[in-house]
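Structure assessment
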Amino acid sequence: MIRSGPRSIAMMTTGILLLATGELRGGDQTPPDEVVVRVPGDLDPADPSPLLILLHGYTLTGGEQEAWWRLWPVAEANGFLFASPTGSTAANGLTYWNANDNCCDYEGTGVDHVAYLIDLVDAIRAEHNVDPNRIHLVGYSNGGCMAYRMACDRGDVFASVVSVAGATWMDPANCPAEHPVHVLHVHGTEDTVVSYKGGFDPFNPPFPHPGAVGSVAQWVENDGCDPDSWVASPPFDFTSELFGVETEVIRYDEPCDPNGSVELWRIQGGSHFPSMTDEGRARLVEFLVEHPKVAPCPADLDTSGRVDAGDLGILIIAWNSSASSVDLNGDGRIDSGDLGILIAAWGPCP
């Protein structure tokens, strides 16, 4: 069920209250039903939009995470739909995502947040024209771990994930990684909560985490990158907690899978609590903009792996518009030229 909220003139956004209806398995600590989906004020419904979902850290809510980081204004300027959901609430009143064995389902409920987030994406896509090749996750701490979990389990859905002060599974066997994903890992070298070098969560000592270098190494392999192919870029000012340009950039993008790449932004001297600068926000959203999925074949508009009636339906809905993602021949208009390309590609993608 979706209910329209008030239009904010100042932010030029439409507030939408959205109810994700997926059933969570393995526990009864269901996340809140309502998630605010923010919509750019100049949105053209005929043009598929990118989607950014922000995942909060342990004990925070989605609203608190966004109030701290303030990603929405930058996301809106780049045409993103935006949502910052809140995970489950434990018996002690603290909010969390069940990301991996290290963090943060400390009560062992087994609540299925993978299913919840996929249901959320599906519900947003049911109401908005979302570009299936530009769906992105950004997570902090526990939310960063959850972003990795989604890349492991549902890399078919997400073009890129950003983990800030998070970590992936310690055991790579727990990460199926059946699909390549663009990964950005941001971490402070002096983080004493989720150690940059890896270690143990004080709330869950039996289960260690791999740290920044270990997490990145797993995804360098998952994305088919050459571990010796890294390049370094000049540092920049990501966080206001430190003076000057403190964040080094290490990039693996050759010869990765076309839909995979890995970056490590190493905050020299940074803690577990980075407060993003304007440059940090801009660079982070720029990473998302520059890392969409590459469709296996251009006419596969619904990314199903084949060109069929589903793609024909998308093209017909966009007929006579200028929707860029459906403009197969690049002439600025959806018409018979695009239809001819789609018919010629009919069947399984190569």
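See the structure printed just above.
Structural notes, computed from the coordinates. (Residues numbered from 1 in each chain as written. Predicted model: local features only at pLDDT ≥ 70, side-chain atom pairs only at ≥ 80, totals over all residues. Heavy atoms only, no water.)

Here we come to helix H5 (residues 211-222). End to end, H5 covers 17 Å across twelve residues, agreeing with the expected 16 Å (1.5 Å per residue, within 8%). Residues Gly211, Ala212, Ser215, Val216, Gln218, Trp219 and Val220 constitute the buried set of H5. Contacts from the buried residues of H5 go to helix H4 (142-154), strand S10 (182-188), strand S12 (204-209), strand S14 (247-252) and strand S15 (261-267). Phi turns positive one or two residues past the end of H5, at Gly224, with a value near 70 degrees. (Helix = DSSP H or I, 4+ residues; strand = E, 2+ residues; numbered from the N terminus. Expected span 1.5 Å × (residues − 1). Buried < 20%, exposed > 50% of the residue type's maximum accessible area, 1.4 Å probe, protein only. Contact = heavy atoms within 4.5 Å.)

Attention shifts here to the layout of surface pockets. Within this model, the largest pocket holds a volume of roughly 500 Å³. As for the largest pocket, its lining consists of 26 residues, of which Pro48, Asp131, Pro132, Leu301 and Ser325 are closest to the centre. Elements that contribute at least two residues to the lining of the largest pocket include exactly strand S8 (130-140) and helix H7 (309-317). With five residues, S8 is the single largest residue contributor to the lining of the largest pocket. By residue class, the composition of the lining of the largest pocket is 15 nonpolar, five polar and six charged. Put simply, the second largest pocket is a space of about 270 Å³. Along the wall of the second largest pocket there are 21 residues; nearest its centre are Tyr58, Ser141, Val193, Val194 and His272. Of the residues that constitute the lining of the second largest pocket, the class distribution is 13 nonpolar, seven polar and one charged. (1 Å grid on protein atoms, 1.4 Å probe; cavity = no way out; pocket = protein on both sides within 12 Å on 5 of 7 lines; lining within 4 Å. Points joined across faces, edges and corners; volume = space filled by probe spheres on them. Nonpolar A, V, L, I, M, F, W, Y, C, P; charged D, E, K, R; others polar.)

A few words on the side chain of Ser88. The topology assignment puts Ser88 in strand S6 (residues 88-89). Given the relative accessible area of 0%, Ser88 is considered buried. Of the polar contacts made by the side chain of Ser88, one reaches the side chain of His113; its length is 2.8 Å. (Polar contact = N/O pair within 3.5 Å; in protein donor to acceptor, adjacent residues only side chain to side chain.)

Right, let's talk about the packing of aromatic side chains for a bit. On inspection of all chains with the given rule, the structure shows nine aromatic pairs. Aromatic rings pair up to connect Trp68, Trp69 and Tyr140 into one cluster. The ring of Phe236 carries Arg283 above its face, with NZ or CZ at 3.9 Å from the centroid. (Phe/Tyr/Trp six-rings, centres within 6.5 Å; stacked < 30°, edge-to-face > 60°. Lys NZ or Arg CZ within 6 Å of the ring centre and 35° of its normal.)

Quick look at the state of the cysteines now. By definition, a disulfide links two cysteine residues through a covalent bond between their sulfur atoms. Evaluation of the coordinates by the stated rule reveals four disulfides. One disulfide in the model links Cys225 with Cys256; its S-S distance is 2.0 Å. As the torsion about the S-S bond is roughly 115 degrees, the Cys225-Cys256 disulfide counts as right-handed. Taken together, the residues Cys225 in the loop between H5 and strand S13 (231-236) and Cys256 in the loop between S14 and S15 connect sequence positions 31 residues apart. Disulfide pairing is shown between Cys297 and Cys349; the S-S distance is 1.9 Å. Of this pair, Cys297 sits in the loop between helix H6 (278-289) and strand S16 (306-307) while Cys349 is found in the segment after strand S17 (347-348), placing the two residues 52 residues apart along the sequence. Per residue, the accessibility class of Cys297 equals that of Cys349, and both read buried. Each bonded cysteine in the protein gets a number by its place in the sequence, and the pairs come out as 1-2, 3-4, 5-6, 7-8. (Disulfide = S-S within 2.5 Å.)

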